[in-house]
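Summary of structural features
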Amino acid sequence: MTLPPLYKYLDVSGAKLTLGNRTFKHAKPSDFNDTEDLTIQSIFAENTEEALKKIAGGFTDVILRHLDEEPTCSSPMKEKIRVIQQVYRANPGAAELVRSELMNPGKQIYDVEYHRDRAQAFIAEINEFMQGYRVLCVSSHKDSERMWTEYAEKHKGVSLRIQPNLAEDSKFRLFRPVIYCEKRPPLYEDTLEFIAGALFGDHEARTKEIIERIIYTKTLDWQHEGEYRLAIPIRKDEEPWITLPYHPEEITELYLGLKMEKSDIEDIVGKARLISRDIAIFRAKRDGGGKLVFDKF
């Protein structure tokens, strides 16, 4: 994937640390402005009771669709599914009897309260697991009024352009765009596909897809940010960290806010030129129509 120009907005303190230490801070999800970011709010699109009804009604159909496939779920469920497949192959009419029994409105097949509690516990576990990621958030906009106001100290800070050094196999090549939608997605978009995936799917690929959906989805309230993300998990037995170094040549442009103090400009420009004499430096100003533009510094 070809990346657009990407910019990191920073307040004055963040700019001095980023340029002085030659590292970027990678945020923990709990530090985000959006408290629901990198979380899930529900497992299924519908409530627990409706999801259980769908599972009861669709379980037999899922087995029939995968009648000759090897189950990928763990034991003892794997052995149970094999037995059911064998029964349905030997006696196709048995599937209809089981379906009728599961759909019998007079029978309480699932303990709804139990599964609701388990669902909430599972949501909490997933959200805690996501705290093990560190995320660098950037924008595809360098002239966003809201970004300069909210993330660059009301125009007193800076914006840095990040360009991955592909020759060095830069981690920055892994930036991916955020997808904006009306609300946070459920863990599983389709209840019956959840069953099929749990019993017969590629569990590693499925887990990766779910995690990526959590990381790279935000609500429409944040669409103005044009955000790209680099998400890195802390490995098992690795000490928690919040900063990672960058190659000097990966900071290619420095944009100075239009309300920056002279002393801060001198300090930040000095730090930038120590990193690389090739950094292009620009100063923000207003054009005749009040639009934010940049002149070479």
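Criteria and cut-off values
- Residues numbered from 1 in each chain as written.
- Predicted model: local features only at pLDDT ≥ 70, side-chain atom pairs only at ≥ 80, totals over all residues.
- Heavy atoms only, no water.
- Buried < 20%, exposed > 50% of the residue type's maximum accessible area, 1.4 Å probe, protein only.
- Helix = DSSP H or I, 4+ residues; strand = E, 2+ residues; numbered from the N terminus.
- Arc of directions from axis to C-beta.
- Contact = heavy atoms within 4.5 Å.
- Core = buried A, V, L, I, M, F, W, Y, C linked by side-chain atoms within 4.5 Å.
- Axes fitted to C-alpha atoms, helices over the stretch in contact; angles between N-to-C directions.
- Parallel < 35°, antiparallel > 145°, perpendicular 65-115°, else oblique.
- Disulfide = S-S within 2.5 Å.
- Phe/Tyr/Trp six-rings, centres within 6.5 Å; stacked < 30°, edge-to-face > 60°.
- Lys NZ or Arg CZ within 6 Å of the ring centre and 35° of its normal.

This brings us to helix H4 (residues 93–102). For H4, every residue scored as buried is listed here: Ala-94, Ala-95 and Arg-99. Seen along its axis, H4 keeps its buried residues to an arc of 135°; they face one direction. Close packing links the buried residues of H4 with helix H2 (48–65) and helix H3 (77–90).

Below, the discussion takes up the nonpolar core. Formed by 36 residues in total, the largest nonpolar core has its most connected members in Ile-43, Ile-63, Met-130, Leu-187, Leu-199, Ile-214 and Ile-215. Counting residues per element, the ones that place at least two in this core are H2, H3, H4, helix H5 (112–130), strand S3 (133–139), helix H7 (191–200) and helix H8 (203–215). Ignoring sequence-local partners within four residues, the contact set of Leu-199 consists of Phe-59, Ile-63, Pro-71, Thr-72, Cys-73, Met-77 and Ile-81.

This next bit is on the packing of H2 against H3. Orientation of H2 relative to H3, taken along the N-to-C sense of each, is 80°, at an axis distance of 10 Å. If you check the angle between H2 and H3, you find them roughly perpendicular. Contacts between H2 and H3 pair Phe-59, Thr-60, Ile-63 and Leu-64 from the former with Ile-81, Ile-84, Gln-85 and Tyr-88 from the latter.

In this section: the state of the cysteines. For the structure shown, the criterion picks out zero disulfides. Cys-137 takes part in no disulfide bond, and the closest cysteine sulfur, belonging to Cys-181, lies 16 Å away. Relative accessible area serves as the criterion here: at 22%, Cys-137 is assigned to the partly exposed category.

Centre-to-centre distance and the angle between the planes together describe a pair of aromatic rings. Here the structure, examined in full by the defined rule, presents 12 aromatic pairs. Between Phe-24 and Tyr-246 the ring centres are 5.1 Å apart and the planes differ by 50°, which places this aromatic pair in the tilted class. Of this pair, Phe-24 sits in strand S2 (residues 23–25) while Tyr-246 sits in the loop between strand S9 (243–245) and strand S10 (251–256); the two residues are 222 residues apart in sequence, bridging distant segments of the chain. The two residues Phe-24 and Tyr-246 agree in class, both being buried. These aromatic residues form a ring-pair network of at least three members: Tyr-7, Tyr-9, Trp-148, Tyr-255, Phe-282 and Phe-294. Between Lys-171 and the ring centre of Phe-172, over which it is positioned, the NZ or CZ distance is 4.9 Å.

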